[in-house]
Amino acid sequence: FKILKKMNKPVDLDYTLKIVKYADSLKIKKGAFFILGYYNETKNDRKETRKYIGRLVKSGLDEITLFIFCPVPGSRDFKYFKQLGNFKNYEELCWSPRWRKDYKTLNLYRAYLYIYFYFIKLFYHPLNMTKSIFNILFNRYELKTEMAFKRIVFG
């Protein structure tokens, strides 16, 4: 992943898959966080992210959380965005930065990835997915992703 190098995130993706499989064998709940919309992110970068999410789910991943990139005050990234003047106050620096010009595109892609995650989970882990569906319907959440899905689909 070129985008991880740009973010200075040294992650061994193959080792991560092994850890997820091992944790799954121990019945430990597992989640992964992804950031969408980092500088110069391409369609190919997003495609790689989608494919890796699929590989993680096949390995037994239970949930994902998807954030749209937003700068942290004081960081190099913050200075870049501040120069662009895209946000008005610090309260807008959140997981849904609506001030971004590409927010609608990224938010739609985020929703697509959540739906993709659930379909892959249903195919490879139907019992876990069935349990999640019941948790969503009866408001008995075990995973944050179950709550996110309910918010996206049911408002």
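Quick look at the structure, then. Everything quoted here is computed from the prediction, not taken from an experiment.

This next bit is on the packing of helix α6 (residues 126-137) against helix α7 (residues 144-154). Packing of α6 against α7 brings their axes to within 10 Å, and their N-to-C directions diverge by 60 degrees. It follows that α6 is oblique to α7 by the angle criterion. Considering how the two elements wind past one another, α6 and α7 form a crossing that is right-handed. Packed against α6, whose contacting residues are Ser132, Asn135 and Ile136, the element α7 presents Glu146, Phe149, Lys150 and Phe154 at the interface. Residue composition of the contact of α6 with α7, grouped by class: 3 nonpolar, 2 polar and 2 charged.

Time to look at unusual backbone geometry. Phi is positive for Asn8, which is not a glycine, with a value near 60 degrees. Examined against the element boundaries, Asn8 turns out to sit in the loop between α1 (2-6) and α2 (13-25). Taking the relative accessible area as the measure of exposure, Asn8 reaches 64% and is therefore exposed.

Rules behind the numbers
Numbering of residues begins from 1 in every chain and follows the order in which that chain's sequence is written. Two thresholds apply to this predicted model, a pLDDT of at least 70 for residue-level local features and 80 or more for giving and counting side-chain atom pairs, whereas whole-chain, interface and lining totals are computed over all residues. Side-chain metrics in this entry use all non-hydrogen atoms of the structure; hydrogen atoms and water are not considered. An axis is simply a line fitted to the C-alpha atoms; with a helix, the fit covers only the stretch in contact. Between two such axes, the angle follows the N-to-C directions and lies from 0 to 180 degrees. The helix and strand labels rest on DSSP assignments: H or I over at least four residues marks a helix, E over at least two residues marks a strand, and numbering proceeds from the N terminus. In what follows, roughly perpendicular refers to angles from 65 to 115 degrees, roughly parallel to angles under 35, roughly antiparallel to angles over 145, and oblique to any angle outside these ranges. Left-handed is the label given to a crossing in which the near helix is rotated counterclockwise from the far helix by less than a right angle, and right-handed is the label when the rotation is clockwise. A contact between two residues is defined here by any heavy atoms of the two lying within 4.5 Å. Residue type decides the class: Asp, Glu, Lys and Arg count as charged, Ala, Val, Leu, Ile, Met, Phe, Trp, Tyr, Cys and Pro as nonpolar, and the leftover types, Gly among them, as polar. Relative accessibility thresholds used throughout: buried, under 20% of the residue-type maximum; exposed, over 50%; partly exposed, between the two (1.4 Å probe, protein chains only).

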